[in-house]
Amino acid sequence: MTKTVLITGGSRGIGRATAILCAQNDWNVAISYVGNRESADETCALCERAGRTGNVFALKCDVKYEQDVVDLFQATLDRFGTIDAVVNNAGIVAPKSDLADMSIERMKSVFDTNVLGAYIVAREAARAMSNRGGSIVNVSSMASKLGSPGEYVDYAGSKGAIDTLTIGLSKELGPKGIRVNAVRPGIIDTDIHGSVGRPERVAELGPNCPLGRAGKANEVANLIYWLLSDDASYVTGALIDISGGR
Ligand code: NDP
């Protein structure tokens, strides 16, 4: 039977690459975006070209707003009937700063999107999958291990919460046949670095790992897709680094 995946933040970067890979494997694909309709449409067009079914749609959803997330899950169920897999991918980072100079507004913004948003998405995924099982992949970061000192300690903390969510939820939902895992990317060449005015971070920090280069979104997508698929049927509660050895 055709599987359905819901990917938050599927309009660009890692989310887009995952959407295309799922479409290539003939999954139904629902993606969300927050402001970038053009990129979301482009992802849908790429998915349509990649797969045989062409079953893809995009919906605007700010993950920090409960009703937006509830509507996204309902729209996906209305369109495809079931949800087999969820990629909790939407995330933001704020400009480089020491903690001493961080405003409360900035920290709230990072935590609202990366933590509150991810928890709401995970809750809706658990509800949607409770009768039939499924797979949830949370997109964490190597920052949760390394801490991002002097840059993004708020972001690092938000990703630490994602790791903890993954461990707790894997135990809570395992008996229902729902697997929950996290991927922890290192430096991946996407828009997120430019979004805080530091596109050069990819070239500067990318080589600073044993494999000597930044990762590509499709390399992370390969790992996410494996975790979503039945090939990973005995994997849950795993936090998997994908960082070139960083
Ligand atoms: P991009 O900036 O390329 O894409 C971010 C995506 O998230 C976009 O689709 C964006 O939508 C969406 N988004 C942003 N804010 C919200 C929100 N409030 N509600 C819903 N959607 C939102 O980022 P990446 O692909 O690099 O990042 C994806 C994930 O990977 C994030 O969780 C990030 O923290 C994590 N990560 C990335 C690393 C990297 O080096 N790139 C390293 C480690 C982790 P729109 O297009 O509408 O703006």
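Residues numbered from 1 in each chain as written. Predicted model: local features only at pLDDT ≥ 70, side-chain atom pairs only at ≥ 80, totals over all residues.

**What to know about unusual backbone geometry**
Of all residues except glycine, most have a negative phi; of all peptide bonds, most are trans.
Phase 1 of the analysis: For Asp-26, which is not glycine, the phi torsion reads 65° and is therefore positive.
Phase 2 of the analysis: As for its position among the elements, Asp-26 is in the loop between α1 (13-24) and β2 (28-33).
Phase 3 of the analysis: Residues other than glycine seldom take positive phi values, yet Ser-148 does so here, at roughly 50°.
Phase 4 of the analysis: Relative to the helices and strands, Ser-148 is located in the loop between α5 (143-146) and α6 (153-173).
Phase 5 of the analysis: On the basis of neighbour count, Ser-148 is assigned to the partly exposed category, with 18 C-beta atoms found within 10 Å. (Helix = DSSP H or I, 4+ residues; strand = E, 2+ residues; numbered from the N terminus. Buried ≥ 20, exposed ≤ 12 C-beta atoms within 10 Å, placed from the backbone.)

**As for the UniProt feature "domain: Ketoreductase" (unreviewed entry) in the protein chain**
Phase 1 of the analysis: The UniProt record annotates "domain: Ketoreductase" (unreviewed entry) at residues 3-205.
Phase 2 of the analysis: Segment residues 3-205 splits into 48% helix and 16% strand. End C-alpha atoms: 37 Å apart. (UniProt positions renumbered as here; feature names shortened; annotations may be inferred.)

**Re α6**
Phase 1 of the analysis: Between its first and last C-alpha, α6 extends 30 Å over 21 residues, near the 30 Å set by a 1.5 Å rise per residue.
Phase 2 of the analysis: Buried residues in α6 make contact with α4 (104-129), β5 (134-139), α5, β6 (178-185) and β7 (239-242). (Expected span 1.5 Å × (residues − 1). Contact = placed C-beta atoms within 7 Å.)

**What about the packing of helix α3 (residues 66-80) against α4?**
Angle between the axes and distance between the axes are the two parameters that describe a pair of packed helices.
Phase 1 of the analysis: It is at 10 Å that the axes of α3 and α4 come closest, and there the two elements cross at 35°. Pair α3 / α4 crosses with right-handed handedness. When α3 is examined against α4, the residues Glu-66, Val-69, Val-70, Phe-73 and Leu-77 are found in contact with a partner set consisting of Ile-120, Val-121, Glu-124 and Ala-128.
Phase 2 of the analysis: Partitioning the contact of α3 with α4 into residue classes produces 7 nonpolar, no polar and 2 charged. (Axes fitted to C-alpha atoms, helices over the stretch in contact; angles between N-to-C directions. Left-handed = near helix turned anticlockwise from the far one by under 90°. Nonpolar A, V, L, I, M, F, W, Y, C, P; charged D, E, K, R; others polar.)

**Overview of the site of the ligand**
Phase 1 of the analysis: Close to the ligand lie 32 residues; Gly-9, Gly-13, Asn-36, Ala-90 and Gly-91 are nearest.
Phase 2 of the analysis: Sorting the residues of the shell around the ligand by element identifies α1, β2 and α4 as the ones contributing at least two each.
Phase 3 of the analysis: It is α1 that contributes the most residues to the shell around the ligand, 3 residues altogether.
Phase 4 of the analysis: In terms of residue class, the shell around the ligand is made up of 12 nonpolar, 16 polar and 4 charged. (Near = placed C-beta within 6 Å.)

**With respect to the sheet that holds β2**
Phase 1 of the analysis: Overall, parallel pairing links the 7 strands, which are arranged β3-β2-β1-β4-β5-β6-β7 in an open sheet. Looking at strand neighbours, the two that pair on one side only are β3 (56-60) and β7, the edges of this open sheet. If you compare each strand with its neighbour and ignore which way they point, the axes differ by 20° on average.
Phase 2 of the analysis: Looking at chain direction, β5 and β6 are connected through 6 bridges and run parallel. Across the sheet, residue Ile-136 finds its bridge partner in β6, namely Val-180.
Phase 3 of the analysis: Where helix α2 (residues 37-50) meets the sheet, its contacts fall on β2 and β3, and the angle it forms with β3 comes to roughly 165°.
Phase 4 of the analysis: Together, β1 (4-7), β2 and β3 form the strand contacts of α3, whose direction differs from that of β1 by roughly 155°. (Pairing = 2+ DSSP bridges.)

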